[in-house]
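# Survey of secondary and tertiary structure
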Amino acid sequence: MAYVITQPCIGTKDASCVEVCPVDCIHTEDSAEQYFINPDECIDCGVCAEVCPVEAIFFEDDVPEQWAAFIPKNKLFFSK
């Protein structure tokens, strides 16, 4: 399990989560619309979710149903 960044990040792409992550597991590319959390590196501390200004970060089991597609989207980003 890990935290997942969902739809509210798109268009905002605020780096507050990146700055506080103790294991540096939040990444993106210039062409990406959002940040992504590496599920293999995330330690489930939740600090990123606490600082997200748009409340886009959820524990995987708590991702709202309307944003469930972001769970595989997040994993896919790190399978490249």
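For the structure itself, consult the block above.
Attention here is on the structure that accompanies the text.

Cut-off values and rules
Residues numbered from 1 in each chain as written. Predicted model: local features only at pLDDT ≥ 70, side-chain atom pairs only at ≥ 80, totals over all residues. Heavy atoms only, no water. Core = buried A, V, L, I, M, F, W, Y, C linked by side-chain atoms within 4.5 Å. Buried < 20%, exposed > 50% of the residue type's maximum accessible area, 1.4 Å probe, protein only. Contact = heavy atoms within 4.5 Å. Helix = DSSP H or I, 4+ residues; strand = E, 2+ residues; numbered from the N terminus. Salt bridge = Lys/Arg side-chain N within 4 Å of Asp/Glu carboxyl O. Phe/Tyr/Trp six-rings, centres within 6.5 Å; stacked < 30°, edge-to-face > 60°.

### As for the nonpolar core
In this structure, I5, I26, I37, C48 and I57 are the most contacted members of the largest nonpolar core, which totals 15 residues. Setting aside chain neighbours within four positions, we find I5 in contact with I26, Q34, Y35, F36, I37, A56, I57, F70 and N74. Membership of the second largest hydrophobic core comes to six residues, among which are F58, V63, W67 and F70.

### Comments concerning the side chain of E60
For E60, the position within the fold is in the loop between β4 (57-59) and α3 (70-77). Among the residues examined, E60 registers a relative accessible area of 16% and is labelled buried. Once you skip the residues sitting within four places of it in the chain, E60 turns out to touch M1, A2, Y3, V4, I71 and K75.

### Section: the pattern of salt bridges
A full pass over the atoms with the stated rule returns one salt bridge. In this structure, K75 and E60 form a salt bridge, with 3.3 Å as the shortest nitrogen-oxygen distance. Separated by 15 residues along the polypeptide, K75 in helix α3 and E60 in the loop between β4 and α3 bring together distant segments of the chain.

### Observations concerning the environment of V51
Take V51: it is sitting in helix α2 (residues 47-51). As for V51 and E19, which are separated by 32 residues in sequence, their C-alpha atoms are 9.6 Å apart. Discounting chain neighbours no more than four positions away, the residues touching V51 are S16, C17 and V20.

### Some remarks on the packing of aromatic side chains
Each pair of aromatic rings is reported with the distance of its centres and the angle of its planes. If you walk through the whole model with that rule in mind, you get four aromatic pairs. Both rings, one in Y3 and one in F59, keep their centres 5.4 Å apart while their planes meet at 70°; by these two values the pair is edge-to-face. One end of the pair, Y3, is in strand β1 (residues 3-5); the other, F59, is in strand β4, and 56 residues separate them in sequence. Relative accessible area serves as the criterion here: at 21%, F59 is assigned to the partly exposed category. Relative to F78, the ring of F77 lies with its centre 5.0 Å away and its plane at 85°, an arrangement referred to as edge-to-face. Taken together, F36, F77 and F78 form an aromatic cluster joined through their ring pairs.

What is shown is where atoms sit, not what they do.
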